Amino acid sequence: MSTPAVIVVGAGIIGCTVAHELAAAGARVQVIDARRPGQGATRASAGILAPYIEGHGLSALRTFGGRSLGLFDAFIDRARRDSGQDVIYQRNGTFELAFSDADVDRLSALSAALWKEGVEARWVPPQAFGDHEPLVNADAKGALLITPHGFVGVTSLTLASAAAAERLGARFKVETGAIRIHHIPAGRVGVDTMSSSWDADRVVLCAGSWSSQITVEGADPIPVKPVRGQLIQLKTTAGAIHHVVWGPDGYLVPWPDGSVLVGSTVEDVGFDENYTEEGVTKLRNAAAGLVPSLADAPMMEVRTGLRPRGPDDLPILGPSMAVPGLIYATAHYRNGVMLAPLTAQLVTDLVFDRGADPALRDLSPTRHGHL
Ligand SMILES: Cc1cc2nc3c(=O)[nH]c(=O)nc-3n(C[C@H](O)[C@H](O)[C@H](O)COP(=O)(O)OP(=O)(O)OC[C@H]3O[C@@H](n4cnc5c(N)ncnc54)[C@H](O)[C@@H]3O)c2cc1C
């Protein structure tokens, strides 16, 4: 198929980056969402790219995250070039603080293991904090610096990807969302919304937490649940921190304007996208625990999002058995930003029948039933 027609359902970071990659490869793309691009979990995301922290305890995530991180420089270059827009992106490393003896043991062992794998990582004793992060909590017993980690401005990347896709011919429909996806004879896939019916050669389902609300005819319900996350932004004097600073109760991201993002809560509250005073207080305390001078920093903003969580915390990515031509790209949970380049590449390869990537075995939708 040289110029397939593709409907992308959902315009979060996954839908927009998939749309860009597909349009760049020559597909005729239509994206549908009830909201404008970059809402959903995407709008709250801290954008941290840290597979060697997030992948702790889940080796597949570490492998896919490491692979996706390797694609990031070129991915950002393409988003900037094809959109003509800037994207906030820094590979400034993570500085993970250890406060307990158990954390010292775990992080210093991880440092040695990463070094053996060729990942630039180093244990920093408290007396050397001044060379790296002078303002972090002096009670910490050391820190693990992982140099290749970093962060991306998620809204800037999502909007640039949407703009790039549009420049390459993709169309974005902001109307009602999809309610049903079904097989149509002659190898097409149908998508019904409340007000219209569409069809295409391929459909990519990227509706994040709301994926479970879409009926895929003949398939089991998609096992994705929302997990709320709150994030705040604090005004600081420029240069308060230089790396992504990570600790047991939260993390800090140094924003280019000198402010700091503080994340995040993890809450099982269904589809409630509101913030809470309790959540904000928790984040303020977490920030002060990492960098005490942030205790009185004025708050600029609070954001919330619903992370799409699957049963095993890994994405659901691959072809549907129930509806030929449908491809799932959902359940990215805490790592949709980090995994966006790899997801966009795998989906594009599937749409263009370019052969199966071994990663798709671990991420296959069928591990969760008849999907
Ligand atoms: C506080 C917080 C911090 C985070 N920090 C990080 C981080 O540091 N690094 C990282 O990698 N990840 C992080 N994440 C996770 C990341 O944000 C998510 O994994 C990612 O945004 C998921 O993207 P998505 O496009 O799949 O879903 P979403 O962004 O939720 O987008 C789904 C889209 O589908 C649309 N939709 C819903 N229903 C329908 C329908 N019926 N039809 C069509 N469209 C529909 C929605 O309107 C929405 O636009 C964080 C998340 C939160 C909440």
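Computed from a predicted structure; not experimentally measured.

Cut-offs used in this document
- Residues numbered from 1 in each chain as written.
- Predicted model: local features only at pLDDT ≥ 70, side-chain atom pairs only at ≥ 80, totals over all residues.
- Heavy atoms only, no water.
- Domains from an automatic or database assignment.
- Contact = heavy atoms within 4.5 Å.
- Buried area = accessible area lost by both parts, 1.4 Å probe.
- Salt bridge = Lys/Arg side-chain N within 4 Å of Asp/Glu carboxyl O.
- Pairing = 2+ DSSP bridges.
- Helix = DSSP H or I, 4+ residues; strand = E, 2+ residues; numbered from the N terminus.
- Expected span 1.5 Å × (residues − 1).
- Buried < 20%, exposed > 50% of the residue type's maximum accessible area, 1.4 Å probe, protein only.
- Arc of directions from axis to C-beta.
- Near = heavy atom within 4 Å.
- Polar contact = N/O pair within 3.5 Å; in protein donor to acceptor, adjacent residues only side chain to side chain.
- Areas by Shrake-Rupley, 256 points an atom, 1.4 Å probe, with all protein chains shown as cover.
- Axes fitted to C-alpha atoms, helices over the stretch in contact; angles between N-to-C directions.
- Left-handed = near helix turned anticlockwise from the far one by under 90°.
- Nonpolar A, V, L, I, M, F, W, Y, C, P; charged D, E, K, R; others polar.

1. What about the domain arrangement of the chain?
Frequently, the measure chosen for interface size is the accessible area that the parts lose on association.
Here is step 1 of the chain: Under the domain assignment used here, the chain contains domain 1 (5-77 + 154-224 + 311-368) and domain 2 (91-149 + 226-309).
Here is step 2 of the chain: Put simply, the middle of domain 1 and the middle of domain 2, counted by C-alpha atoms, are 28 Å apart.
Here is step 3 of the chain: On the side of domain 2, 29 residues touch domain 1, which itself brings 32 residues to the contact.
Here is step 4 of the chain: Where domain 1 abuts domain 2, roughly 2700 Å² becomes buried across the two surfaces, and 59% of that area is made up of carbon and sulfur atoms.
Here is step 5 of the chain: Three residues stand out in domain 1 for area buried against domain 2, namely Tyr-52, Ile-53 and Tyr-333, and they jointly supply 25% of the buried area on that side.
Here is step 6 of the chain: There are five salt bridges connecting domain 1 and domain 2.

2. A few points about the sheet that holds strand β8 (residues 150-152)
Here is step 1 of the chain: Spatial strand order, β3-β8-β4: three strands in an open sheet with antiparallel pairing. The open sheet has two free edges, formed respectively by β3 (48-49) and β4 (89-90), since each of these has just one partner strand.
Here is step 2 of the chain: As paired strands, β3 and β8 are joined by two bridges and run antiparallel to one another. Directly across from Ile-48, in β8, lies its bridge partner Phe-151.

3. Notes on helix α4 (residues 101-117)
Here is step 1 of the chain: Its 17 residues give α4 an end-to-end C-alpha distance of 24 Å, which sits within 8% of 24 Å, the value for a rise of 1.5 Å per residue.
Here is step 2 of the chain: Taken as a whole, α4 has its buried residues at Asp-103, Val-104, Leu-107, Leu-110, Ser-111 and Leu-114. All buried residues of α4 project into a common sector of 140 degrees when viewed along the axis, lining one side. With respect to the buried face of α4, the exposed residues turned more than 90 degrees away are Asp-101, Ala-102, Asp-105 and Lys-116.
Here is step 3 of the chain: Contact partners of the buried residues in α4: α2 (51-54), α3 (59-83), β5 (94-98), β6 (121-124) and β7 (142-146).
Here is step 4 of the chain: A positive backbone phi angle near 90 degrees is found at Gly-118, which sits one or two residues after α4.

4. Remarks on the site of the ligand
Here is step 1 of the chain: Around the ligand there are 37 residues in total, and Asp-33, Thr-42, Ala-178, Tyr-333 and Arg-334 lie nearest to it.
Here is step 2 of the chain: Interatomic distance of 2.6 Å between a side-chain N/O atom of Asp-33 and an oxygen atom of the ligand.
Here is step 3 of the chain: Ser-45 is positioned with one of its side-chain polar atoms (N or O) 3.2 Å from an oxygen atom of the ligand.
Here is step 4 of the chain: If the ligand stood free it would expose 1000 Å²; the protein chains cover 95% of that surface.
Here is step 5 of the chain: Secondary structure elements with two or more residues in the shell around the ligand: α1 (13-24), β2 (28-33) and β19 (299-309).

5. Structural notes on helix α8 (residues 340-351)
Here is step 1 of the chain: With 12 residues, α8 ought to run about 16 Å at 1.5 Å a step, and its terminal C-alpha atoms sit 16 Å apart, in line with that.
Here is step 2 of the chain: For α8, a buried count of 11 out of 12 residues is recorded, marking the element as mostly surrounded by other parts of the structure.
Here is step 3 of the chain: Positive backbone phi, at 50 degrees, marks Asp-353, one or two positions downstream of α8.

6. Looking at the side chain of Arg-228
Here is step 1 of the chain: Note that Arg-228 resides in strand β15 (residues 225-234).
Here is step 2 of the chain: Judged by relative accessible area, Arg-228 falls into the buried class, the value being 3%.
Here is step 3 of the chain: Side chain to side chain, Arg-228 and Asp-272 meet in a polar contact 3.5 Å long.
Here is step 4 of the chain: Not counting chain neighbours up to four residues away, the residues in contact with Arg-228 comprise Thr-265, Val-266, Glu-267, Val-269, Asp-272, Asn-274, Thr-276, Gly-305, Leu-306 and Arg-307.

7. Let's talk about the pattern of salt bridges
Two side chains of opposite charge can pair, provided their charged atoms sit close to one another.
Here is step 1 of the chain: The final tally for this structure, using the stated rule, is 24 salt bridges.
Here is step 2 of the chain: Among the salt bridges present, the one from Glu-301 reaches Arg-303, with a minimum N-O distance of 3.3 Å.
Here is step 3 of the chain: Given the relative accessible area of 18%, Arg-303 is considered buried.
Here is step 4 of the chain: Within the structure, one salt-bridge network assembled from shared partners comprises Arg-35, Arg-43 and Glu-273.

8. Focus: the packing of α1 against helix α6 (residues 154-167)
Here is step 1 of the chain: The N-to-C vectors of α1 and α6 enclose an angle of 35 degrees; their axes lie 8 Å apart at closest approach. As α1 packs across α6, the resulting crossing turns out to be left-handed. In this structure, α1 contributes Ile-13, Cys-16, Thr-17, Ala-19, His-20 and Ala-23 to the contact, and α6 contributes Val-154, Leu-157, Thr-158, Ser-161, Ala-162, Ala-164 and Ala-165.
Here is step 2 of the chain: Within the contact of α1 with α6, the residues separate by chemical class into nine nonpolar, four polar and no charged.

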